[in-house]
Amino acid sequence: MEQVKLYGFGPSPFSYRVIWALKLKGVRFEYIEENLPVKSPQLLQLNPIHKKVPVLVHGGKPISESLVILEYIEETWPENPLLPKDAHEKAMARFWIRFAQEKYPTLNTFFRTVGQDQELAIKEALQVLQILEDQALGNKKFFNGETVGLMDLSFGWLAYWNECMEETAGTKIIESTNLPRLHKWIKNFKQNPIIQENLPCRDNLLAYLRTKREKIVLRCSLTSNGH
Ligand SMILES: N[C@@H](CCC(=O)N[C@@H](CS)C(=O)NCC(=O)O)C(=O)O
């Protein structure tokens, strides 16, 4: 098999999507941790357009953008399929993956705001989450059905990062009372053995998020004081 390398970053949910897909497929790969504040020459060469992780390198050829990488993985290693076979179901999975990607900024604005702005951000996030709860998830165990698929991997950050972001920002958005199906899905997703074994260290993630949050709160207070 041609060599597979993944350039990622510990706290990055986009990197974890790719790790999960490779692990679910049983693809062996070398993981290279990027130091994002000082990007390596390799990263700048492999992803000269966006200069971001994750980047998958297969047989020396780089692929960027996590959702593009997921599709590549699914096509290259068809074993343990992560997309439905049926063309319409596959199109629907892609529709929701795109929806989640487009709504990603709406879903995490609560972490980047304080006070009234944060209250509004939570309201808007809840509207999006309600759509996922009612229309994308329904009564299924996973978004794909009985097994973890690309939709689950794309929404995966909601199952772990969101919780840590809520904790850091001192709020709670997804609860068993307001979004019972999503809440259950988070449990199911984290109980999958591959996902469970491949999550960032919670303490490290919380420490990373706390530093980010402190900067955000400071910036918001300076802005509101007219600085
Ligand atoms: N749309 C990209 C987003 C990737 C992304 O934002 N990566 C972050 C880490 S979480 C990054 O590399 N940031 C470096 C930078 O913005 O300079 C994807 O899905 O792969």
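Conventions adopted
- Residues numbered from 1 in each chain as written.
- Predicted model: local features only at pLDDT ≥ 70, side-chain atom pairs only at ≥ 80, totals over all residues.
- Heavy atoms only, no water.
- UniProt positions renumbered as here; feature names shortened; annotations may be inferred.
- Core = buried A, V, L, I, M, F, W, Y, C linked by side-chain atoms within 4.5 Å.
- Buried < 20%, exposed > 50% of the residue type's maximum accessible area, 1.4 Å probe, protein only.
- Contact = heavy atoms within 4.5 Å.
- 1 Å grid on protein atoms, 1.4 Å probe; cavity = no way out; pocket = protein on both sides within 12 Å on 5 of 7 lines; lining within 4 Å.
- Points joined across faces, edges and corners; volume = space filled by probe spheres on them.
- Helix = DSSP H or I, 4+ residues; strand = E, 2+ residues; numbered from the N terminus.
- Nonpolar A, V, L, I, M, F, W, Y, C, P; charged D, E, K, R; others polar.
- Domains from an automatic or database assignment.
- Near = heavy atom within 4 Å.
- Polar contact = N/O pair within 3.5 Å; in protein donor to acceptor, adjacent residues only side chain to side chain.
- Sits in = over half its atoms within 2 Å of the grid points.

Identification of the protein chain as Glutathione S-transferase from Olea europaea subsp. europaea is taken from an unreviewed UniProt entry. Under the heading Subcellular location (unreviewed entry), UniProt records this for the protein chain: "Cytoplasm, Cytosol".

### Some thoughts on the nonpolar core
Judged by nonpolar contacts, the single largest core of 62 residues is most densely connected at Leu 22, Leu 56, Leu 129, Leu 153 and Trp 185. Leu 129 has contacts with Leu 107, Leu 158, Ile 173, Ile 174, Leu 179 and Leu 182, leaving out every residue within four places of it along the chain.

### Thoughts on the layout of surface pockets
Within this model, the largest pocket holds a volume of roughly 800 Å³. Forming the walls of the largest pocket are 31 residues, and the residues nearest its centre are Ser 12, Pro 13, Phe 14, Tyr 104 and Lys 212. When residues of the lining of the largest pocket are traced back to their parent elements, those giving at least two are α1 (13–25), α3 (66–76), α4 (87–108), α7 (157–169) and α10 (202–224). A total of 6 residues in the lining of the largest pocket trace back to one element, the largest contributor, which is α10. A class-by-class count of the residues in the lining of the largest pocket yields 15 nonpolar, 8 polar and 8 charged. When residues of the lining of the largest pocket are assigned to domains, at least three map to each of domain 1 (4–76) and domain 2 (87–212). In this model, the second largest pocket occupies a volume close to 230 Å³. If you go around the second largest pocket, you meet 16 residues; those closest to its centre are Pro 84, Glu 89, Lys 140, Phe 143 and Asn 144. Only α4 and α5 (115–137) provide two or more residues apiece to the lining of the second largest pocket.

### Focus on the site of the ligand
Contacts to the ligand come from Ser 12, Phe 14, Leu 36, Lys 39, Lys 52, Val 53, Pro 54, Glu 65, Ser 66 and Gln 101. Take Lys 39: an N or O atom from its side chain is 2.4 Å from an oxygen atom of the ligand. Separating an oxygen atom of the ligand from a side-chain N or O atom of Ser 66 is a distance of 2.6 Å. Applying the majority rule of atoms within 2 Å of the grid points places the ligand in the largest pocket.

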